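An overview of the molecular structure
Here is how the chains run, residue by residue.
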Amino acid sequence: MARRTPIPDRLRLRTALTLACTLAGCTGPDVAESALFVLDDEARAAGVAIEISGEAQPADGPIAAPSSAEVAVRRGTEREPIDAHPGEVIAIEGREGRVRRGVDAARLVVDADREQALRFAELGGMQAIPLADGRFLIDGENAMWTALLFPEVAGRVSPWSPSRLDVSNAGWLSPNDATWAARTTVGIDETDVQPDFVPSSDLAAYVGAYVADDLVLVLDAQGGMHVTGRGVERHGTFGLDDRAQLVFRFENGTMSPMRTTGEDELRDPNGLRFHTMPVVTPALAPRDPSVPEPLGNLLEGL
Amino acid sequence: MRRRALLLTSGLAVLASAMRDPLSAFAQDRPSDDALLAGVSEAYRSAQRARRPLLVLVIPDDNGARWERGIAFGAWINHGSDDALTALGLVELTCAPMSALRQLVPQAPSGEPLMVLVDPSGVPASARALDAALPALELMRRGDGEAEGEVEEIIDTRNATLTSLLTGALRAELSRLASTERATARQRAVDTHRAHRIRGSHWATDSGCGVYVEEAPDTGGYDCGMGYVPPRARRFLHFFAVARP
């Protein structure tokens, strides 16, 4: 699959992120010097705010609070001091501004369109997973820190709740794998969907080996599904749903519908396109005349 | 007669030497795992779309065994009986090692059977081993005057065994064919499998004066003319690619 040339902004932002992370020590032990707070939409709409040393903070993105600072949640006239531990991520949720500790720093929800979500995900080598409400789950190490460093790219951010059931399709590539650039680049591209193509209702028609860059997808003749490549190894099964659409079911129970956009092409929810693995017949080299012909040698010895 | 036996022995010894020494000029290179998988996948999908069974001629891991099978399959496809051609005309053919086949067809049988017949019409697909012991060419290196006759007997036995395996597995399909359909199947076997390259292999010819790989530029041209290989053993399946040092 041909790779698009990355846009300059992307490189600039990646470089900036690397520098910022280095300077801020976000990949080293200094990360643990601050706690992060994230409000959800309901809390924001209700006027709930985070105060650091008595000053209300902008609430669209994650808020970093140094461990030495006095932090409080303000709900109208009420003010609740919070003893935040360094490195901890704390969510403030609902109209009541409930405090939820131990939030996963590798996941957050962005209120952004598809392209913006993919661009943000690409900054940190993360995965953007569409949600049923039109927002995107960002999944990847340092997701919160990336949003903190690049609020203009992340847009409005909310904490991810593990109890949410509104994932319209589960992402199926491991976060932090080495393929994010290709994945996101492909995702931004619009696919030329063939309007007259009717996906097969025959499950056997999908059996085969497919590739997308350095990822290999095998749909085996037993109904198994295997994705392997640099940093990725996922297994599961595949089948057809009640609309005869191809669906992947992963070991962890998540499901992912696949679009079939051509006879030999499958497309995942993030836009990654798999093509049937091409057969390359190696060119046959001419015989090297300097190589002795073995029969002649044999006869000489007889 | 003694000279002919000597030359027969010599010609076959060329193959034997190649069997023993995988680093010889006739070694058969093993492509990457992905390339092998791609070949199996293409054959499987082709069979599924054509609604035909997929017959996998199994490429053994051992280089010597590879030559043995390549010669056996070559003689079968080129000189098999009408029954053999009829059955071959009903299938898609590919050559593959079991490791690649099992990636796509995990239910494939264990070991390295001669052939695996896969029905790709459903999921899970069915796969069955078609296996039997074939008499080895080692017998032909004795160099006595009866060697030629033994060669012909061995080829007959091998062809009959392979034919029996396939026709037995396709008995139901074969029994449904009208005579015109049988003729069509035979013609397809000739036009498709004999006349063209079979996936995972190249057709090659050993005239006793070196191995000529079809589709390969300038693989022949040896100036000897002394070897002798029985006509029915000359055209064989050269698995994988041709290795040239």
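As a reminder, the structure under discussion sits directly above these lines.
So, here's what we can say about the structure. Going along each chain's sequence as written, the residues are numbered from 1 onward. Whichever chain is written first becomes A and whichever ligand is written first becomes 1, with later ones labelled in order. Given that this is a predicted model, residues contribute local features only at a pLDDT of at least 70 and side-chain atom pairs are listed and counted only at 80 or more, while totals for whole chains, interfaces and linings are drawn from all residues. Think of the side-chain values as coming from all heavy atoms in the structure, minus any hydrogens and water.

When its secondary structure is counted, chain A shows seven helices and 21 strands. Relative accessibility under 20% of the residue-type maximum defines a buried residue, over 50% an exposed one, and the middle range a partly exposed one, all with a 1.4 Å probe and only protein chains included. Looking at the 302 residues of chain A, the share that counts as buried comes to 49%. Long-range contacts, defined as pairs at least 24 residues apart, comprise 59% of the intrachain contacts of chain A with a sequence gap of at least 6. Helical segments are the DSSP runs of H or I of at least four residues, strand segments are the runs of E of at least two, and each set is numbered from the N terminus. Any pair of residues with heavy atoms lying within 4.5 Å of one another is described as a contacting pair.

Looking now at the overall build of chain B. Along chain B, the regular secondary structure elements total eight helices and nine strands. A burial count over chain B gives 56% of its 245 residues as buried. Calculation of accessible area relied on Shrake-Rupley with a 1.4 Å probe; when residues are assessed, cover is drawn exclusively from the protein chains displayed. By element, 51% of the accessible surface of chain B is carried by carbon and sulfur atoms, the whole surface being about 9,800 Å².

Next up on the list: the sheet that holds strand S3 (residues 55-56) of chain A. Residues and elements named next belong to chain A. Pairing within the open sheet is antiparallel, and its four strands lie in the order S3-S2-S5-S6. With partners counted over all chains shown, the strands left at the sheet margins are S3 and strand S6 (78-82), one partner each. Where strand S2 (residues 49-52) and S3 come together, two bridges link them in antiparallel fashion. Residue Ile52 lies in a different strand from S3, and its bridge partner there is Glu55. Pairing between strands is defined by DSSP: at least two bridges between the two strands are required.

Glancing now at the pattern of salt bridges. Residues and elements named next belong to chain A. A carboxyl oxygen of Asp or Glu within 4 Å of a side-chain nitrogen of Lys or Arg is what we treat as a salt bridge. A complete count under the given rule lists 20 salt bridges over all chains for this structure. Across the salt bridge formed by Asp41 and Arg135, the nearest N and O atoms sit 3.3 Å from each other. Of this pair, Asp41 sits in helix H2 (residues 41-45) while Arg135 sits in the loop between strand S10 (127-130) and strand S11 (136-139); the two residues are 94 residues apart in sequence, bridging distant segments of the chain. Asp41 sits in the partly exposed class, given a relative accessible area of 27%.

A few words on the pairing of strand S15 (residues 224-229) of chain A. Residues and elements named next belong to chain A. Alignment of strand S14 (residues 215-219) against S15, held across four bridges, turns out to be antiparallel. The residue of S15 that forms the bridge with Leu217 is Val227. A loop of four residues connects S14 with S15, the two strands running antiparallel in sequence, and Gly223 in this loop sits at a positive phi of about 95°. Sheet topology places S15 next to strand S16 (residues 232-240); six bridges connect them, and they run antiparallel. Within S16, the residue paired with His226 across the bridge is His235.

Next up on the list: helix H3 (residues 114-123) of chain A. Residues and elements named next belong to chain A. Within the sequence span of H3, burial applies to Ala117, Leu118, Phe120, Ala121, Glu122 and Leu123. Regarding H3, its N-cap is Asp113, as a side-chain oxygen of that residue lies 2.8 Å from the backbone nitrogen of Gln116 further along. Immediately downstream of H3, the backbone of Gly125 shows phi near 65°, a positive value. Distance and chemistry together define a polar contact, namely a pair of N or O atoms within 3.5 Å, with one atom able to donate a hydrogen and the other to accept it when in protein, and with adjacent residues in sequence counting only for side-chain atoms on both sides.

Residues and elements named next belong to chain A. Spatial ordering of the open sheet is given by S4-S1-S7-S8, a layout of four strands whose pairing is mixed. Each end of this open sheet is capped by a strand with a single partner; those strands are strand S4 (63-66) and strand S8 (98-100). For this sheet, the mean inter-axis angle between neighbouring strands, taken without regard to orientation, is 25°. With four bridges joining them, strand S1 (residues 34-39) and strand S7 (residues 89-93) adopt parallel strand pairing. Bridge assignment links Val38 to a residue of S7, and that residue is Ala91. Fitted lines through C-alpha atoms serve as axes, helices being fitted only where they are in contact, and the angles separating the N-to-C directions of these axes extend from 0 to 180 degrees.

What follows deals with the packing of aromatic side chains. Residue and element names in this part refer to chain B. Side-chain rings of Phe, Tyr and Trp, where Trp is taken by its six-membered ring, are said to pair if the distance between their centres is within 6.5 Å; with planes under 30 degrees apart they count as stacked, over 60 as edge-to-face, and otherwise as tilted. Inspection of every chain in the model, using the stated rule, returns one aromatic pair over all chains. Their ring planes at 40° and their centres at 5.5 Å tell us that Trp67 and Phe236 sit as a pair that is tilted. In this pair, Trp67 sits in helix H3 (residues 63-79) while Phe236 sits in strand S8 (residues 235-239), placing the two residues 169 residues apart along the sequence. Pair check on accessibility: Trp67 and Phe236 agree, each one buried. Here, a charge over a ring means that NZ of Lys or CZ of Arg falls within 6 Å of the ring centre while also lying within 35 degrees of the ring normal. Over the ring of Trp203 we find Arg235, and its NZ or CZ is 4.2 Å from the ring centre.

What follows covers the environment of Arg234 of chain B. For Arg234 of chain B, the position within the fold is in the loop between strand S7 (211-213) and S8. Here the alpha-carbon distance between Arg234 of chain B and Ile71 of chain B, two residues 163 residues apart in the chain, equals 7.7 Å.

This part is about the environment of Gln116 of chain A. All names here are of chain A. Inspection of the secondary structure puts Gln116 in helix H3. Counting along the chain gives twelve residues from Gln116 to Ala128, while the straight-line C-alpha distance between them is 9.9 Å. Contact partners of Gln116, with chain neighbours within four places excluded, come to Glu152, Val153, Ala154 and Gly155. In this structure the side chain of Gln116 is engaged in a polar contact, spanning 2.9 Å, whose partner is the backbone oxygen of Val153.

Looking now at the side chain of Ser158 of chain A. All names here are of chain A. Inspection of the secondary structure puts Ser158 in strand S12 (residues 156-159). A distance of 3.1 Å separates a polar atom in the side chain of Ser158 from a polar atom in the side chain of Arg44. With near-sequence residues (within four places) excluded, Ser158 lies in contact with Val38, Leu39, Asp40, Asp41, Arg44, Leu108, Val109 and Arg135.

With that out of the way, let us pick up the nonpolar core. Among the nonpolar cores identified, the biggest contains 44 residues, and Leu217, Leu219, Phe238, Leu246, Phe248 and Leu266 of chain A together with Tyr44 of chain B are the most heavily contacted of them. For this core, the leading source of residues is helix H2 (residues 33-50) of chain B, giving seven residues. Contacts of Leu217 of chain A, omitting those with residues within four sequence positions, involve Gly208, Ala209, Tyr210, Met225, His226, Val227, Phe248, Leu266 and Phe274 of chain A. For this analysis, a nonpolar core means a set of buried residues of the types Ala, Val, Leu, Ile, Met, Phe, Trp, Tyr and Cys, connected via side-chain atoms within 4.5 Å. Core analysis: the next-biggest nonpolar cluster, separate from the first, contains 30 residues, Leu55, Ile77, Ile198 and Phe239 of chain B among them.

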